[in-house]
Each structure stands twice: as C-alpha cells, then as structure tokens.
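What follows is the residue order along each chain.
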Amino acid sequence: MTVYVDVLLFINTVFNYAVLMTADALLKRRCRLWRLITGAFIGALFSLSIFLNFDSFWFLLLIRSVSSCVLTAVTFGYHGKGAYLRALLMTFCVSMVYCGAVILFYQIFKPPRMLIVNDVPYFQVNPLVLVLLSAVIYLILLLCNKLFRERIKSTVVPLSFKVNGRDYFCIGKIDTGCNLIEPFSKAPVIIVDSTVMTLSEELPARIVPYSTVGGSSYLRAVKAACVTIDKESVDQQVYIACISELNHNFHAIINSDIIR
C-alpha cells in the first residue's frame, strides 16, 4: 500500500486530538483549544516512524513514551511534578485504549485500506468516518468513567490556602453539588466565610456569577497562590471567593471537582 505523508499526518492528528480531548475531560483540566490542536499535530509527527524499518518492542515503547511525554508537556503544560505525572499517566493510558480499539477493529474486520506499522495506524477512508470513529471511542470512555469512577461523598475536611502572601486556615465541606468556576480560566472556586478572609477592594479580583434556588448573583474571587485540602496539596489553579453566613459547622464550600 502506498502511504501518503499528508494523509498519515491528518489521520494521526485526528486520533491524537481525540486522545488529548479525552484525557483533558477525564482530568477536568479544560485546556485551551490551541494547546489541544498543537499537541495533536506535534504528536502526529511521531507517526512518521511508520517509515522506519524497526520491529522491536522496546523501540516502539520508547517512541510511545517520548510521544506521550511531549504531548503532555505541550497540551497540559508543567504545573508541578505531581500534576505533570498525573497528566502523563492519563494521556498514556487513554492512548493505549485508543490504540487497542483500532487494533481490535483491524483484527476483526480486516479492512483492505487499513495498515498498522510500528503501532501507527494508516487509513484510506473518508475523513468523516475517521472523525465518527474517534467520537464513538471518546463517548465510550467518558461513559465508562461516569459509570465506574468513585463518587465523592460530601465530607468536612481541613482547608488551608495562601492569598496575597498570607496563610488562611479553616474547616471546609466538599460539596458534590458545587460546580462554581471562574468563567475565563475555568478554574474551580472555593467559597469561604467572610470571618475567615475578607477581600480588600485593592486586590485584583475576578467576577464569578452563580445561581441558586433563591436567585442569581455574583462573587468576587482572587487566585490562591497555593491550596491544601485534607493535607493534600492541590496541583491546579484555584480561586477563593468570600461570602457571609455559611454553616457554623464549616467555614468553606469546596468544589468537589478539585479533588477528583
């Protein structure tokens, strides 16, 4: 079969984008579109290994590992060792699932216009079919994650964070019903009682809209330099908003997405 470089790059860019989009959804990172596309294309460049005359397990493992490392760095950035390793592991696992699904499809149906060399797939098919296949795998993975992931129960935990160079400590409640996010960065928001911290008008703050049964309004929120929940450091960006008169048993409401 004649392999065309432009078709090869297109196919693997689509698959890499699906892999990264799935990993991003499972990690709840909400990466920007340009990062997903850039990472997918750079990863597709590794598909050129299809032209290398190697048939070694260790060589293929090296190519797959380096590809996953580069994809993770470009797409998710580096926000600490723990965050990077978590994103790397998720990207690698999702990539293996997609690769396994493609190989299974190849083994069952034996399509005449499909080729897999050095774990790199190559199709001579309608691009719409390829996109639909990637979408089906993506939806299956998200459904499995939703059905089998561990549900976080509402619980009360110690919370500490730093804002404007000052440390704050309180007891917070992990609330599975709280999905408050800062609208521009999509970062999760923790609501704390005004007795714990008050926001000075001089601090640069973001406006965070919210709605409840009683109506809609907004909160002022500032980015925390660091956040620790139940003695575990949070490896993503978090905003802190203030409100008065929270439950007397706890002094903060924690978005449960932060610890998933």
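Reference entry: report on the structure contained in this document. Given the structure is predicted, the values throughout are model-derived calculations rather than measurements.

1. Concerning the overall build of the chain
A tally of regular secondary structure across the chain gives five helices and eleven strands. Burial statistics for the chain: of 260 residues in total, 39% are counted as buried. Nonlocal contacts in the chain, meaning residues at least 24 apart in sequence, comprise 67% of its contacts between residues at least 6 apart.

2. Topic: the pairing of strand β5 (residues 189–193)
Most of β5 is tucked away: five of the five residues are buried. Sheet analysis places β5 next to strand β10 (residues 239–243), joined by five bridges and oriented parallel. Among the inter-strand pairings, Val192 is bridged to a residue of β10, identified as Cys242. Of the strand pairs in this sheet, β5 and strand β11 (residues 252–255) are connected by two bridges, and their pairing is antiparallel. Across the sheet, the residue bridging to Val192 is Ala252, located in β11.

3. Quick notes on the pairing of β10
In terms of burial, β10 is a largely internal element, four of the five residues being buried. Relative to β10, strand β7 (residues 215–223) runs antiparallel, the two being bridged by three bridges. Across the sheet, residue Lys223 finds its bridge partner in β10, namely Tyr239.

4. Some details on the packing of helix α1 (residues 5–27) against helix α2 (residues 33–45)
Between α1 and α2, the least distance of the axes is 8 Å, while the angle of their chain directions is 130°. When the axes of α1 and α2 are compared, the pair comes out oblique. Here the hand of the crossing between α1 and α2 comes out right-handed. Residues Leu9, Asn12, Thr13, Asn16, Tyr17, Leu20, Met21 and Asp24 of α1 form the contact with α2, whose participating residues are Leu33, Leu36, Ile37, Gly39, Ala40, Phe41, Gly43, Ala44 and Leu45. Grouping the amino acids of the contact of α1 with α2 by side-chain chemistry returns eleven nonpolar, five polar and one charged.

Rules used throughout
Residues numbered from 1 in each chain as written. Predicted model: local features only at pLDDT ≥ 70, side-chain atom pairs only at ≥ 80, totals over all residues. Heavy atoms only, no water. Helix = DSSP H or I, 4+ residues; strand = E, 2+ residues; numbered from the N terminus. Buried < 20%, exposed > 50% of the residue type's maximum accessible area, 1.4 Å probe, protein only. Contact = heavy atoms within 4.5 Å. Pairing = 2+ DSSP bridges. Axes fitted to C-alpha atoms, helices over the stretch in contact; angles between N-to-C directions. Parallel < 35°, antiparallel > 145°, perpendicular 65-115°, else oblique. Left-handed = near helix turned anticlockwise from the far one by under 90°. Nonpolar A, V, L, I, M, F, W, Y, C, P; charged D, E, K, R; others polar.

Read these as layout, nothing more, since geometry by itself doesn't imply function.
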